[in-house]
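Coordinates in review
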Amino acid sequence: NNEKSVPQLLIRDLKFEKKSLAKLMFSPDQENHPSKAPVKYGELIVLGYNGSLPNGDRGRRKSRFALFKRPKANGVKPSTVHIACTPQAAKAISNKDQHSISYTLSRAQTVVVEYTHDSNTDMFQIGRSTESPIDFVVTDTVPGSQSNSDTQSVQSTISRFACRIICERNPPFTARIYAAGFDSSKNIFLGEKAAKWKTSDGQMDGLTTNGVLVMHPRNGFTEDSKPGVWREISVCGNVFSLRETRSAQQRGKMVENETNQLQDGSLIDLCGATLLWRTAEGLARTPTVKHLEALRQEINAARPQCPVGFNTLAFPSMKRKDVVDEKQPWVYLSCGHVHGYHNWGNKEERDGKDRECPMCRSVGPYVPLWLGCEAGFYVDAGPPTHAFSPCGHVCSEKTTAYWSQIPLPHGTHTFHAACPFCAHQLAGEQGYIRLIFQGPLD
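Residues numbered from 1 in each chain as written. Predicted model: local features only at pLDDT ≥ 70, side-chain atom pairs only at ≥ 80, totals over all residues. Heavy atoms only, no water.

Digging into the overall build of the protein chain
The following threshold applies: Only runs of H or I of at least four residues qualify as helices and only runs of E of at least two qualify as strands under DSSP, and these elements are numbered from the N terminus. Throughout, a contact is declared for two residues whenever any of their heavy atoms are within 4.5 Å. What sets the accessible areas is the Shrake-Rupley method with a 1.4 Å probe; for residues, cover comes only from the shown protein chains.
For the protein chain, the count of helices and strands is five helices and 27 strands. Taking all contacts inside the protein chain whose residues are at least 6 apart in sequence as the whole, residues at least 24 apart take part in 62%. Carbon and sulfur atoms provide 51% of the accessible area of the protein chain, an area that totals close to 22,200 Å².

Structure representation (structure tokens):
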């Protein structure tokens, strides 16, 4: 109980904590001690939200969703195929206690594929519906929206039962994605207009109305990541090139050498919202919110100053990530010079949107800077030195470089790069800018 030893102990503990945090988060012996911590397969993070939904995360509606090993397996796999000659017969076959997929070929013919319990897998369902079979409720992302009221007026293009992810219950806990989810009567129903076909081995397969697109990054989700190619995933988990537009009747070409297996950093697009899949191992290597908070404090401790007003600037705490603070740093997006807020330099002939930087006279937008708080979007643990343009979200250089290269689906047939923290379409030559801070003069 010697008083002198207390600070030493604290220092030692802090060092220990830094080193062991990643190890502690996912220790390899978790499986042997299921009571300690359930096995985590991975997490889905919705692009466009900086750590939480605008009105807060509630129940199954939130900005990120963790997939844990279930106490009891609930996966399913295809079994019997029935060919029914009338829709009534098809309804009779697909009983409410058994999972099934119905493919309506014509008014005269429906094929029903029954699914049976699979004790080796867990199933998780994602969609817009709030019915009980949906584990993760996802609504349309409106770029830069600060409240759910902004999003309600939009007619949703996300399917009520959009997709399902099947995870192996045994190592390496492989996760696979399939288009469409089972509804409350445990059925997936592909109507007459949906694209569907018989496969070479006599099975049925099909696509959903607006489709489920997936992109696997090259080189994993690391600082060396490069964007992959967008593909469409079928109801049975086969991989296809994209259709001409999202809901075109004609399917793309089958891509034989690719699979529906998710990897760290895979992007899943549900036509209205895009999700990032992070594996448990990937998350263990990712900076934590604690780390981001330490970086924020480090920048603030350097006391960056406004080069004109000489007042000290500070990034607001992560909890106050939507309210502009009086000490908030602002940036001229044309040059990267960081200032405090001021009123001069307005270019009236340019609708007042563009401002002239007092340091270098370059003209362009002038916006407040916000820290990117969603740690799952970072490809490395580098310092927050760069900002996306035009939204002003700040993160590491490699993270801005990676996301600025990714064409994200937008609407039914266009793609554009967007900030992962707010979903705003990126602008300017690169889509991001290096920040130039002025240090204190004393």
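Considering the sheet that holds strand 20 (residues 354–356)
Going by this rule: Two strands are counted as paired when DSSP detects at least two bridges linking them.
The strand order across the open sheet formed by four strands is 19-18-21-20, and the pairing between neighbours is antiparallel. Lying at the two open borders of the sheet, with one neighbouring strand each, are strand 19 (338–339) and strand 20. Sheet analysis places strand 18 (residues 330–332) next to strand 19, joined by two bridges and oriented antiparallel. Its bridge partner lying in strand 19, Val331 is registered against Val338.

Topic: unusual backbone geometry
The cut-off we apply is this: Buried residues are those whose accessible area, probed at 1.4 Å on protein chains only, stays under 20% of the maximum for their type, while exposed residues exceed 50% and partly exposed ones sit between those limits.
Here the residue pair Pro171 and Pro172 is connected by a cis peptide bond, since its omega of 5° sits within 30 degrees of zero. Here Pro172 shows up in the loop between strand 8 (163–168) and strand 9 (175–179). With an omega of 20°, the peptide bond between Ser389 and Pro390 qualifies as cis. Mapped onto the secondary structure, Pro390 falls in the loop between strand 23 (386–388) and strand 24 (393–395). One non-glycine residue, Phe173, adopts positive backbone phi at about 55°. Considering the arrangement of structural elements, one finds Phe173 in the loop between strand 8 and strand 9. Residue Phe173 is classed as buried on the basis of its relative accessible area, which comes to 15%. In the Ramachandran plot, Lys186 falls in the positive-phi region, its phi being about 60° despite a non-glycine side chain. Residue classification places Lys186 among the partly exposed residues on the basis of a relative accessible area of 30%.

Let's talk about the packing of aromatic side chains
Put simply, the rule is: Pairing of aromatic rings covers Phe, Tyr and Trp, the last through its six-membered ring, and needs centres within 6.5 Å; plane angles under 30 degrees mean stacked, over 60 mean edge-to-face, and all others mean tilted. Distance and angle both matter: a charge sits over a ring if NZ of Lys or CZ of Arg is within 6 Å of the ring centre and within 35 degrees of the ring normal.
Under the criterion given, the structure shown has 17 aromatic pairs. Ring centres of Tyr41 and Phe124 lie 6.1 Å apart, and the angle between their planes is 75°; on these two criteria the pair is classed as edge-to-face. One end of the pair, Tyr41, is in strand 1 (residues 40–46); the other, Phe124, is in strand 6 (residues 121–127), with 83 residues separating them in the sequence. As far as burial versus exposure is concerned, Tyr41 and Phe124 are alike and both buried. Cation over ring: Arg251 sits above Trp197, and NZ or CZ is 4.3 Å from the ring centre.

A few points about the pattern of salt bridges
This is how the line gets drawn: Salt bridge, as applied in this entry: a Lys or Arg side-chain nitrogen positioned within 4 Å of an Asp or Glu carboxyl oxygen.
Tallying each qualifying case throughout the model produces 14 salt bridges. Two residues, Arg64 and Glu43, come together in a salt bridge whose shortest N-O distance is 2.6 Å. Pair noted here: Arg64 is in strand 2 (residues 64–68) and Glu43 is in strand 1, with a separation of 21 residues, a long-range link. Residue Glu43 is classed as buried on the basis of its relative accessible area, which comes to 8%. When salt bridges that share partners are traced, they join Lys40, Glu43, Arg64 and Glu374 into one network.

Considerations on the nonpolar core
Test applied: We call a set of buried residues a nonpolar core when its members are Ala, Val, Leu, Ile, Met, Phe, Trp, Tyr or Cys and they connect through side-chain atoms within 4.5 Å of each other.
Grouped together as the largest cluster of nonpolar side chains are 48 residues, with contacts concentrated most on Leu44, Leu67, Ile126, Ile165, Ile177, Ile268 and Leu270. Beyond its immediate stretch of four places on either side in the chain, Leu270 contacts Ile126, Thr157, Ile158, Ala162, Cys163, Gly211, Val212, Arg246 and Leu275. Counting residues in each nonpolar core, the second largest holds 30 residues, with Tyr378, Trp403, Ile406 and Tyr432 among its members.

A word on the pairing of strand 21 (residues 363–368)
Where strand 18 and strand 21 come together, three bridges link them in antiparallel fashion. When the bridges of strand 21 are listed, Tyr332 appears paired with Tyr366. As paired elements, strand 20 and strand 21 share three bridges and run antiparallel to each other. Residue pairing for strand 21: Arg355 is matched across the bridge by Gly364. Hairpin remark: strand 20 followed by strand 21, antiparallel, with six residues in the connecting loop; positive phi at Arg361, about 65°.

Remarks on the side chain of Thr174
Within the secondary structure, Thr174 sits in the loop between strand 8 and strand 9. Thr174 has contacts with Ile166, Cys167, Glu168 and Gln261, leaving out every residue within four places of it along the chain.

Brief notes about the pairing of strand 17 (residues 274–279)
Of all six residues in strand 17, six are buried, a share of seventy percent or more. Burial of strand 17 is two-sided: the residues Thr274, Leu276 and Arg278 facing one way and the residues Leu275, Trp277 and Thr279 facing the other way are all buried. As judged from the five bridges shared by strand 1 and strand 17, these two strands associate in the antiparallel manner. When the sheet's bridge partners are listed, Leu44 is paired in strand 17 with Trp277. Bridge analysis of strand 16 (residues 267–269) against strand 17 gives three bridges, and the strand direction is antiparallel. Each residue of the ladder has a partner; that of Ile268, found in strand 17, is Leu275. Taking the residues between adjacent antiparallel strands as the criterion, strand 16 and strand 17 are bridged by four residues, where Cys271 takes a positive phi near 60°.

As for helix 4 (residues 289–301)
As a reminder, the rule being used: Any helix carries an expected span of 1.5 Å times its number of residues minus one. Working definition: the arc comes from the directions between the helix axis and the C-beta atoms, pointing outward to the latter.
Between its terminal C-alpha atoms helix 4 stretches 18 Å, which fits the 18 Å expected from 13 residues at 1.5 Å a residue. Burial in helix 4 covers these residues: Leu292, Leu295, Arg296, Ile299 and Asn300. Take helix 4 and look down its axis: the buried residues cluster within an arc of 135°, on one side only. Facing away from the buried surface of helix 4 by more than 90 degrees, the exposed residues are Lys290, Glu298 and Ala301. Turning to helix 4, the residues buried within the fold contact strand 22 (370–371). Note on helix 4: the residue one or two positions beyond its end, Arg303, has a positive phi of about 50°.

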